[in-house]
Amino acid sequence: MEANQNAMKAALQLYQEKPWDLFDSTEVFEIGGYDAYGKAFCFFHEKHGKKCITVFEGPEAFTDLSNHFKPLGIQRVDVFHYLQRECFEILFDVPELLEQQEKQMGELLGLTLREIPAIRYFERFCTSDIANEMELQHLVLILEGLKEAMLAYLKSGMNLDFSKRRFVYHVKKKTCSSKKSGYRPKKYDVVEIDDPLLMDELKESQRTEEVWEIDLQPTSMSLACERTGRLQPVMMAAISSPLTDQILAAVPMASNNDMQFQCIDLVIEALMQRGLPQALMVRHPLVGSALMDLCMKLNIELIPVEHFEMLDEFYDGMMNYFEGMNEKIC
C-alpha cells in the first residue's frame, strides 16, 4: 500500500511540473545511480490523447527503447516487438482504466478519480498489469531521479539535439552529461545447427517444388505466467504451402521458452514429413535468424517478405474465431 501511494505521489509531482510543455516524445532522459545497478530511460509523450510517462529499465532497456522509436514498420512484427519490451507506463486523467485498489489508494491521498495516475507495468511477453511492490519501489526512485534530471537540464542551459543525443543524469553524484543515441530495432542471433548427422539425414530428403510460408504471431489467447501470475499471450507458429493450398502446421508456443529453437524444431519436423521445399518465406527477423543456418546448409532459399499469401488469412480467421468464442462465453 505504501509503495503504491509513494509511486502516485512521485508521478503527480512530475505531472505538476508540466514536462509535456517543455519536452517532446523524442527527448530521452537516462537516469543512473538511483540504486547500485539500475539504469532507466524515460520520456514524456501522449498515448491515446492522454499525458503519459514511459520508463524503460533493466539490461534490455536501451534495446526496448530503440524498438519504441524505430519499429520495423510492419504491423504484425511491431506487435511482436511490443510484447518483447519491459517498461512502466504512467497515464494521467484516465479514470476508466483505474483498478479498484488504485481508486482506494487515490482516495486515501485525497485525489479525485481524474487526478489518480494509472501506473502499469509491462513484463516481457505479458499483457500490462499493476506493478508489484518491488517494482513500484524502483519506479519511485526513478521518478524522483527523473524530476531532478529534468530540473538539472533546464538549469544547465544545455541545448541538446535529442534526435542524436540523450541527457544523462546520475542521481547519487548529481552530475549531468549527454550520450549519443543510435536507435535501432532488436537484432536476433543466427542459430547455428550443430548436428551433422541430422543435416546428412535431411539432405537425403526428397526435394519438392513448394515454397513455404512460416510465421510467428501472438494470439488473443493467454496463459498465466508460472513465475509472476501475469497473463502471457499464447504465440502461434504456422507453416503453409500456397502451391498446394495447405496449412502444413500450426503449433502454439510457450513465450517463456526459446522461440527460435521452437521454430527450428517445427520446421525440421515438417521437412522430415514432407521433404525439402525450394524456399522458405519469413516475415519476422526472429524467425529468419533462427532458420538462416538451417536453410543455408540444406540449400533452401530464405526469402524475407512483408505479407503472406495464405498465413495472413489463416491468422486473421483464427483470431476472428477466438474472439467470437470469447463473446459467446461472456
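Here's what I pulled together on the structure shown here.

Scoring rules and cut-offs
Residues numbered from 1 in each chain as written. Predicted model: local features only at pLDDT ≥ 70, side-chain atom pairs only at ≥ 80, totals over all residues. Heavy atoms only, no water. Helix = DSSP H or I, 4+ residues; strand = E, 2+ residues; numbered from the N terminus. Buried < 20%, exposed > 50% of the residue type's maximum accessible area, 1.4 Å probe, protein only. Contact = heavy atoms within 4.5 Å. Areas by Shrake-Rupley, 256 points an atom, 1.4 Å probe, with all protein chains shown as cover. Lys, Arg positive; Asp, Glu negative; His and termini not counted. Charge placed at Lys NZ, Arg CZ, Asp CG, Glu CD. Pairing = 2+ DSSP bridges. Axes fitted to C-alpha atoms, helices over the stretch in contact; angles between N-to-C directions. Arc of directions from axis to C-beta. Salt bridge = Lys/Arg side-chain N within 4 Å of Asp/Glu carboxyl O.

Topic: the overall build of the chain
Secondary structure assignment for the chain yields nine helices and 13 strands. Here the C-alpha coordinates of the chain stretch approximately 70 × 50 × 30 Å along the principal axes. In the chain, which comprises 330 residues, the proportion classed as buried is 49%. Considering only intrachain contacts with a sequence separation of at least 6, the fraction spanning at least 24 residues in the chain is 65%. Taken as a whole, the chain presents about 17100 Å² of accessible surface, with 50% of it coming from carbon and sulfur. Taking the 34 positively charged and 52 negatively charged side chains of the chain as two groups, their mean positions are separated by 10 Å.

Topic: the sheet that holds strand β13 (residues 301-304)
With mixed pairing, the five strands of this open sheet are ordered in space as β11-β10-β9-β12-β13. The open sheet has two edge strands with one neighbour each: β11 (246-253) and β13. Taking the axes of each pair of neighbouring strands and ignoring which way they run, one obtains an average angle of 25° across the sheet. One ladder, built from nine bridges, connects strand β9 (residues 211-224) with strand β10 (residues 231-241); its direction is antiparallel. Paired with Pro218 across the two strands is Met235, which belongs to β10.

Comments concerning helix α4 (residues 100-108)
Among the residues of α4, Glu102, Met105 and Gly106 are the ones counted as buried. Within α4, the buried residues cover an arc of 95° as seen down the axis, which keeps them to one side. In α4, the exposed positions angled more than 90 degrees off the buried face are occupied by Gln100, Glu107 and Leu108. Looking at the buried side of α4, the elements it contacts are α1 (2-16), β5 (118-122) and β6 (129-130). Positive phi appears at Gly110, one or two residues downstream of α4, with a value of about 80°.

A short note on the environment of Asp129
Of note, Asp129 is situated in strand β6. As a C-alpha pair, Asp129 and Leu231 span 102 residues in sequence and 8.5 Å in three-dimensional space.

Here's the deal with the pattern of salt bridges
A full pass over the atoms with the stated rule returns 21 salt bridges. Put simply, Glu135 and Arg230 hold a salt bridge, and the shortest N to O gap is 2.7 Å. A residue pair is termed long-range when its members are at least 10 positions apart, and Glu135 in helix α5 (residues 133-156) and Arg230 in the loop between β9 and β10 qualify at 95 residues. Residue classification places Glu135 among the buried residues on the basis of a relative accessible area of 15%. One salt-bridge network, held together by shared partners, links Arg76, Asp215, Arg283, Asp312 and Asp316.

Some thoughts on the pairing of strand β1 (residues 29-32)
Covered by surrounding structure in β1 are Phe29 and Ile31 together with Glu30 and Gly32, the residues of both alternating faces. When β1 meets strand β2 (residues 39-47), the two strands line up antiparallel, connected through four bridges. Paired with Ile31 across the strands is Ala40, a residue of β2. The loop that links β1 with its antiparallel partner β2 comprises six residues; one of these, Gly33, has a positive phi angle of about 75°. Two elements, β1 and strand β7 (residues 165-170), share four bridges in a ladder whose sense is parallel. From the neighbouring strand, Ile31 faces β7, where its bridge partner is Tyr169.

Some words on the pairing of strand β3 (residues 50-57)
For β3, the tally of buried residues reaches six of eight residues, placing the bulk of the element in the interior. Looking at chain direction, β2 and β3 are connected through eight bridges and run antiparallel. Bridge pairing links Lys47 to Lys50 in β3. Here β3 pairs with strand β4 (residues 87-91) via five bridges, running antiparallel. Across the sheet, residue Phe56 finds its bridge partner in β4, namely Cys87.

By themselves, these observations are geometric and do not establish any function.
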